Every structure is written in C-alpha cells, then in structure tokens.
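Coordinate analysis (summary)
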Amino acid sequence: SQTIHQWPATLVQPVGSPLSLECTVEGTSNPNLYWYRQAAGRGLQLLFYSVGIGQISSEVPQNLSASRPQDRQFILSSKKLLLSDSGFYLCARESSGANVLTFGAGSRLTVL
Amino acid sequence: TQLLEQSPQFLSIQEGENLTVYCNSSSVFSSLQWYRQEPGEGPVLLVTVVTGGEVKKLKRLTFQFGDARKDSSLHITAAQPGDTGLYLCAFNTGGFKTIFGAGTRLFVKA
C-alpha cells in the first residue's frame, strides 16, 4: 500500500497563529516526500521535499518550514501564519525510480 | 514564467462532446505526465508519455506527446460528467522535483 494520511483535513486559523500539518505514509521505506501548495484550484507549487530523515530542501522562501523526524512522517509548520498562507496543502510520495507522485487527500487551510 | 503552459484554463461542455486540452513548453522533456484532480482531493496520475510522437489511450482519453517532446495533448471523446476535474500536466526535472502546469479545469454538464 502506498497510502498517504494527512491531517487535519480542514483548518481555520487566525493570522499570526502557529501551524502544524502532518503527513504519514505507508509502503516502502525511505520514500522521497513532498509538500505542495495549491491556490484556488490552480497548479501545484512545490514547497519542500525530503529524501531522508532530517533532510529537507526548500524551494520557496517563506515563513513555512518542514521537518522529517521519522522515515514515514513529514510535517509542515509555521510559527506565525500570514493571510497568503491560505491554500490546499498536499503531501506526496514518489514511487521508487518511477518519478510518479502519489498524493494524500490534502489539508485545506484558511487564514483569517 | 510557467515552464508548462496549459490551455485552455477553463472549459465547460455538454455531455457527449469531444475536447482537447494542451500542454506546451519551449523546453524539451524526457517525459511528461498527466494527472487529474477532483475537487477536495489530491491529483491522480493518468499517464506518462516518454517517446516523441507517442500516443497512449486510456478508455476515452487519448494522450499524445509531440514529436519534438516539447508539448502534449489530451483528447477526450464523448465526455461524461465523471470527467469533470482539473487536468494537470507535469514533468520531472531529473532530480527529485516534479513541476506542474497551472491546469485546465473541465466541467462536463449532464
């Protein structure tokens, strides 16, 4: 199984509050993991990717951060949310050697 | 500037009609992927095209990779309401990153 679990599914947070979105994956060990953000039903923007525990690559400068404390756990965080952080956050894993992404069901964040 | 330009951005058609959506770039790709995303869910891979000029069929969906491997098209025959969704093309950079186009949002009316 390549199942990906994301939670919470929906979140409404005030500006300036902290954020923690969690993603856990099943299946083969040491997967490449990804965080994407999607605004208003448009394309996906790559935020972070990780090729192993503790290894995080950031694609877009912003007030978000990511961590990978365990092989199958990927966390997206912020200390202080901005209005512009609102969006649909998708966690994905890459099938070994296939360059194919499997996505979770996403977490919808609204910052008010 | 988007590496992948998708057109049209939005398409609303009646059930039974045919349609084609496009994914274009000035870059050459070793492969391109098409994903479909339904509202409130993550994208799901439909197909990967690898060879220039390649045509792949998935039931009523026909995918074509341009001869020069710079563009791709998706043709849907006799569209159904279940085809409604956001169609995304994407490519892998050869490293660890997959880059997506902005998508074509398709709405098929019953």
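The following refers to the structure shown. (Residues numbered from 1 in each chain as written. Chains lettered and ligands numbered in written order. Predicted model: local features only at pLDDT ≥ 70, side-chain atom pairs only at ≥ 80, totals over all residues. Heavy atoms only, no water.)

Here the focus is the overall build of chain A. Secondary structure summary: chain A contains zero helices and 11 strands in total. Starting at the N terminus and ending at the C terminus, chain A contains elements arranged as β-β-β-β-β-β-β-β-β-β-β. The C-alpha radius of gyration of chain A comes to 13 Å, within 12% of the 13 Å expected for a compact globule of 112 residues. If you line up chain A on its principal axes, its C-alpha atoms span 40 × 25 × 20 Å. Looking at chain A residue by residue over its 112 residues, the buried ones come to 47%. Taking as baseline every contact in chain A between residues at least 6 positions apart, the subset at least 24 positions apart corresponds to 53%. Surface exposure of chain A reaches about 5000 Å², of which carbon and sulfur atoms provide 55%. Looking at charge distribution, chain A has the averaged site of its 8 positive side-chain charges lying 6 Å from that of its 6 negative ones. (Helix = DSSP H or I, 4+ residues; strand = E, 2+ residues; numbered from the N terminus. Rg over C-alpha atoms; globule rule 2.2 N^0.38 Å. Buried < 20%, exposed > 50% of the residue type's maximum accessible area, 1.4 Å probe, protein only. Contact = heavy atoms within 4.5 Å. Areas by Shrake-Rupley, 256 points an atom, 1.4 Å probe, with all protein chains shown as cover. Lys, Arg positive; Asp, Glu negative; His and termini not counted. Charge placed at Lys NZ, Arg CZ, Asp CG, Glu CD.)

The next thing to look at is the sheet that holds strand S8 (residues 73-78) of chain A. All names here are of chain A. Read from one edge to the other, the open sheet built from four strands follows the order S1-S3-S8-S7, with strand pairing classed as antiparallel. Taken across any chain shown, the strands that pair with only one partner, and hence form the sheet edges, are strand S1 (4-7) and strand S7 (64-70). Pairs of neighbouring strands in the sheet enclose a mean axial angle of 20°, with direction left out of account. Relative to S8, S7 is paired through five bridges, and the arrangement is antiparallel. Bridged to Ala-66 within S8 is Leu-76. (Pairing = 2+ DSSP bridges. Axes fitted to C-alpha atoms, helices over the stretch in contact; angles between N-to-C directions.)

Counting residues at the interface gives 20 residues for chain B, matched by 22 residues for chain A. Approximately 1600 Å² of surface area, both sides summed, lies buried where chain B meets chain A, with 52% of it carried by carbon and sulfur atoms. Ranking the residues of chain B by area buried against chain A places B:Phe96, B:Lys97 and B:Phe100 at the top, with a combined share of 31%. In this assembly, chain B and chain A are joined by one salt bridge. In this structure, A:Glu59 engages B:Lys97 in a salt bridge whose closest nitrogen and oxygen atoms are separated by 3.3 Å. Taken together, the connections running from chain B to chain A amount to six residue pairs in polar contact (both at pLDDT 80 or more). Going through the elements one at a time, strand S4 (32-37), strand S9 (85-92) and strand S10 (98-100) of chain B are the ones with two or more residues in the side of chain B that touches chain A. (Buried area = accessible area lost by both parts, 1.4 Å probe. Salt bridge = Lys/Arg side-chain N within 4 Å of Asp/Glu carboxyl O. Polar contact = N/O pair within 3.5 Å; in protein donor to acceptor, adjacent residues only side chain to side chain.)

Residues and elements named next belong to chain A. Taken as a whole and judged by the stated rule, the model has five salt bridges over all chains. Between Asp-85 and Arg-37 there is a salt bridge, with the nearest N and O atoms lying 3.7 Å from each other. One end of the pair, Asp-85, is in the loop between S8 and strand S9 (87-94); the other, Arg-37, is in strand S4 (residues 32-38), with 48 residues separating them in the sequence. Overall, Arg-37 belongs to the buried group, its relative accessible area being 13%.

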